[in-house]
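The lines below spell out each chain.
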Amino acid sequence: MNLEYISSELTHWTGRGKTDDEAIEVLKLIFEKRLLRLSKCSTGAKIDKTFDNHHSDYIACFTDIPLNLSKKHCELFGQVGISFKKSSMIQYGANPPVFYYMGHLGGSISAFADCVFDYLTDLPKSNETDIDYTEYVALRRLLSYLQTYDYHENDHSANPNYYQREWRIVFDGVNIANNLSIIESGQYFFDSINDYVYLCFDYSDVESIIFPEKFIQELNNMVNFKCHIQFHAYEIIT
């Protein structure tokens with residue numbers, strides 16, 4: 001089935017808040033090390049102070065917007081990206097587009113989250129010796145797939161984010177490699193010193209890279225013999 005408004009790839013953009021040169025350097029690090037960094041980002045209705053630094057706060061973001069429809073997105077997130085096979089990323093934990101909610105629903109979501117968080121905060125004060133945090137973990141993971149409709153917390157802004165159809169990989173604390181030198185594709189590495197989390201991928205997972213045309217020779221040298229990877233100059237986006 002060919003759906004022209006949905007891409008068969010998931011693209012991770014590297015240029016938000018960066019120059020093209022800075023974004024290219026990030027792309028090169030990702031590609032050469034085969035490591036995708038998950039950023040710490042609390043996106044749910046509430047940042048829970050009691051259980052800070054939870055692993056579900058570490059996420060990697062992608063879009064499944066076809067390249068020819070990505071111009072608006074690139075105005076906010078830059079012109080440099082790396083695209084992966086959607087099937088590979090699903091195996092590594094990617095989930096379909098996040099749930100976007102309008103501002104007026106934020107209160108309801110927060111009220112539900114507060115109820116569970118407050119209940120779990122009181123558990124350690126009880127006399128129970130074995131505390132089950134299943135509900136807490138489940139809620140934190142669900143909140144990791146929520147996103148307000150607009151970055152400016154204004155439902156009528158000129159920059160709504162729904163059109164991104166953002167996919168996310170959320171670090172779940174399983175399949176962790178103990179050593180970066182022997183990490184395998186699909187495994188995570190937790191850098192506790194720098195507070196980073198990385199996901200390892202294989203070059204066969206990469207479908208294409210997107211970049212301004214002036215970097216073509218530099219990236220051609222980087223890709224080298226991996227001839228299955230497609231090049232897309234940003235200038236072709238219409």
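Let us look at the structure shown here. None of these values were measured; they are calculated from a predicted model. (Residues numbered from 1 in each chain as written. Predicted model: local features only at pLDDT ≥ 70, side-chain atom pairs only at ≥ 80, totals over all residues. Heavy atoms only, no water.)

## A short note on the overall build of the chain
Logical step 1: Scanning the chain from N- to C-terminus turns up 6 helices and 11 strands.
Logical step 2: For the chain, with 238 residues in total, the buried portion stands at 45%.
Logical step 3: A separation threshold of at least 6 residues defines the contact pool for the chain, and within that pool the share at least 24 residues apart is 71%.
Logical step 4: When the accessible area of the chain is evaluated, it comes to approximately 12,900 Å², of which 52% is carbon and sulfur surface. (Helix = DSSP H or I, 4+ residues; strand = E, 2+ residues; numbered from the N terminus. Buried < 20%, exposed > 50% of the residue type's maximum accessible area, 1.4 Å probe, protein only. Contact = heavy atoms within 4.5 Å. Areas by Shrake-Rupley, 256 points an atom, 1.4 Å probe, with all protein chains shown as cover.)

## Section: the pairing of strand β9 (residues 196-200)
Along a regular strand, successive side chains alternate from one face of the sheet to the other.
Logical step 1: Within β9, 4 of the 5 residues are buried, which leaves the element mostly enclosed by the surrounding structure.
Logical step 2: Sheet topology places strand β8 (residues 188-191) next to β9; 4 bridges connect them, and they run antiparallel. When the sheet's bridge partners are listed, F190 is paired in β9 with V197.
Logical step 3: In this structure, the hairpin formed by β8 and β9 is closed by a connection of 4 residues, where D195 is found at a positive phi of approximately 60 degrees. (Pairing = 2+ DSSP bridges.)

## Some words on the packing of helix α1 (residues 20-33) against helix α6 (residues 216-223)
Logical step 1: Here α1 crosses α6 at 10 degrees, and the two axes come no closer than 11 Å. By the criterion of interaxial angle, the relationship of α1 to α6 is roughly parallel. For the pair α1 and α6, contact is made by I24, E25, L27, K28, F31 and E32 and by E218, L219, M222 and V223, respectively.
Logical step 2: Residue composition of the contact of α1 with α6, grouped by class: 6 nonpolar, no polar and 4 charged. (Axes fitted to C-alpha atoms, helices over the stretch in contact; angles between N-to-C directions. Parallel < 35°, antiparallel > 145°, perpendicular 65-115°, else oblique. Nonpolar A, V, L, I, M, F, W, Y, C, P; charged D, E, K, R; others polar.)

## Overview of the packing of aromatic side chains
Logical step 1: Per the stated rule, a full pass over the model turns up 8 aromatic pairs.
Logical step 2: Relative to F84, the ring of F62 has its centre 6.2 Å away and its plane inclined at 85 degrees; by these criteria the two rings are edge-to-face. With F62 in strand β3 (residues 58-63) and F84 in strand β4 (residues 81-85), this pair connects stretches of sequence that are 22 residues apart.
Logical step 3: Residue F62 is classed as buried on the basis of its relative accessible area, which comes to 1%.
Logical step 4: The class for F84 is buried, based on a relative accessible area of 0%.
Logical step 5: An angle of 85 degrees between the planes, with centres 6.1 Å apart, marks the rings of Y196 and Y198 as edge-to-face.
Logical step 6: Through a chain of ring-to-ring contacts, the aromatic side chains of Y58, F171, Y188 and F190 assemble into a single cluster.
Logical step 7: Taking the ring centre of Y196 as reference, the NZ or CZ of R37 above it sits at 3.7 Å. (Phe/Tyr/Trp six-rings, centres within 6.5 Å; stacked < 30°, edge-to-face > 60°. Lys NZ or Arg CZ within 6 Å of the ring centre and 35° of its normal.)

## Let's talk about the side chain of R168
Logical step 1: Mapped onto the elements of the fold, R168 is located in strand β7 (residues 166-170).
Logical step 2: Judged by its relative accessible area of 1%, R168 is buried.
Logical step 3: Side chain to side chain, R168 and Q147 meet in a polar contact 2.7 Å long.
Logical step 4: Within the structure, the side chain of R168 is placed 2.6 Å from the side chain of E166, a separation counted as a polar contact. (Polar contact = N/O pair within 3.5 Å; in protein donor to acceptor, adjacent residues only side chain to side chain.)

## What about the nonpolar core?
Logical step 1: Core analysis: the largest hydrophobic core is formed by 32 residues, its most contacted members being L38, F62, I82 and I169.
Logical step 2: Ranked by the residues each element gives to this core, the list is headed by α1, at 5 residues. (Core = buried A, V, L, I, M, F, W, Y, C linked by side-chain atoms within 4.5 Å.)

## Notes on the pattern of salt bridges
Logical step 1: Inspection of every chain in the model, using the stated rule, returns 6 salt bridges.
Logical step 2: For K28, the salt bridge identified is with E218, shortest N-O distance 2.8 Å. Here K28 is found in helix α1, whereas its partner E218 is found in helix α6, with 190 residues between them in sequence.
Logical step 3: For K28, a relative accessible area of 18% corresponds to the buried category.
Logical step 4: One salt-bridge network, in which partners are shared between bridges, spans E25, K28 and E218. (Salt bridge = Lys/Arg side-chain N within 4 Å of Asp/Glu carboxyl O.)

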